[in-house]
Amino acid sequence: MMGVSTVWFVVVQAVAVLRRARGSSSEGRRDRSSPLVGGGSTTAGSNVGSSTSRPCASSSYSASLQGIGLRVVPSLQPGPISHRPPGLPRSEMMAEPYASLFFDQVRAGAGSVDIHDSANKDGFARHSAASDVFLAREVSRVSHHRRALSSLLEPFVQRSGRVADVGCSTGASAVALALSDVLSPEEVIGIDPSQPSLEAAAIRAKGCGVHGQVRFERNQPGQPLPLPTASFDLTTCISVLEFLSDDAARRDFIRELKRITRPGGHIYLSTPNPYRLRNVHDRRFLGDWRRKSGHPWASQAGFIQTLFADCEEVPIWDHLVKQRLSSCVRSNEHLPNIVVAAARAAAPWQKFLYRMPG
Ligand SMILES: C[S@@+](CC[C@H](N)C(=O)[O-])C[C@H]1O[C@@H](n2cnc3c(N)ncnc32)[C@H](O)[C@@H]1O
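Calculation criteria
Residues numbered from 1 in each chain as written. Predicted model: local features only at pLDDT ≥ 70, side-chain atom pairs only at ≥ 80, totals over all residues. Helix = DSSP H or I, 4+ residues; strand = E, 2+ residues; numbered from the N terminus. Core = buried A, V, L, I, M, F, W, Y, C linked by C-beta atoms within 7 Å. Buried ≥ 20, exposed ≤ 12 C-beta atoms within 10 Å, placed from the backbone. Domains from an automatic or database assignment. Contact = placed C-beta atoms within 7 Å. Axes fitted to C-alpha atoms, helices over the stretch in contact; angles between N-to-C directions. Parallel < 35°, antiparallel > 145°, perpendicular 65-115°, else oblique. Left-handed = near helix turned anticlockwise from the far one by under 90°.

Draft legend 1. Fine view of unusual backbone geometry. E96 connects to P97 through a cis peptide bond whose omega is 5 degrees. Positionally, P97 belongs in the loop between α2 (59–67) and α3 (98–107). The phi angle at S169 is positive, at roughly 50 degrees, despite the residue not being glycine. Position of S169 relative to the elements: it lies in the loop between β1 (162–166) and α6 (172–178).

Structure, rendered in structure tokens:
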């Protein structure tokens, strides 16, 4: 048995190396190389709306934005969004002038700080400049979440009047959920401690025409979420848990997710798989085991499952694997449990969907 798991581990790591070599992207990975904006670090929030963003000279950046149907307007500064034309059609791509306002907001620091409760202002706890890759990734993120998030939740959750997206960053997942015709939420509330990210999120919601449906609020790490108890049909939390500095903070955070979700409502949580040679976000070798202040590390599945012991886990992995293998497996075909379990163990992301009791 030991031999089988060792072989399996080696195969998984080999596949991961091959995937990386092919440049495949992941759920929430950050790439901060090749900085687009020069200059030193500033405190998050201090430069929002300032004119620190510089015209973009990178041709690869222009190409990446043109590739996703957007143009670069380097000189436009963030302005009052209430003066922009109302009545935009709902879309996963941002309309102008919001796209340009959004770029400026990201260049100025939105989406850059992920860890707020670290004693050490290092790594992901430090304000840093957006790279070309990071900017392009942020812009295309609604499409990503429509494919990876909405299409996963829709068959299991269906209509959800009120949705909370906790750790929403620049609002891509909140907007993707608002655009789902199946979930069809009347209200989506995005929550995040980062003020620059929330401002970018509000611009994104306007640019995608869902600002009547989506709003954003700031929370304080370590404090209860600023949301009423048992008031959401669906609570989502994507790539956030790994950024909380310790187990105690993670326990309290999951308790809060459960507190705000109504009886019978759903909680979706995704966080990296710790059984990887390199941490998904910063690629540190054994980074999930060599925990370093200011850097993310992934919790083990057992830790998360214990905290949701009073909830029912919805079996989403069969569906996920069939989605991945859609070219060779029919959706009504039965997959052996061992195949589903192996795929789950090998996936770069742990994904959990829970139904609250009651
Ligand atoms: C990788 S981003 C997640 C982005 C977003 N969920 C998505 O998938 O597009 C991590 C986010 O978690 C947020 N975060 C960190 N600690 C938090 C906390 N205690 N409560 C809520 N959000 C937090 C960070 O500010 C950051 O925006």
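Draft legend 2. Broad picture of the nonpolar core. One finds F102, A174, V175, A178 and A201 to be the most contacted residues of the largest nonpolar core, which totals 66 residues. When residues of this core are assigned to domains, at least three map to each of domain 1 (21–28 + 141–355) and domain 2 (41–139). Discounting chain neighbours no more than four positions away, the residues touching A178 are P185, V188, V210, Q213 and V214.

Draft legend 3. Structural context of the packing of α3 against helix α7 (residues 195–207). Packing of α3 against α7 leaves a shortest axis separation of 9 Å and a crossing angle of 165 degrees. In terms of orientation, α3 and α7 fall into the roughly antiparallel class. Once α3 is placed against α7, the crossing between them reads as left-handed. Facing Y98, A99, L101, F102, Q105 and V106 of α3, the residues of α7 in contact are P196, E199, A200, I203, R204, K206 and G207.

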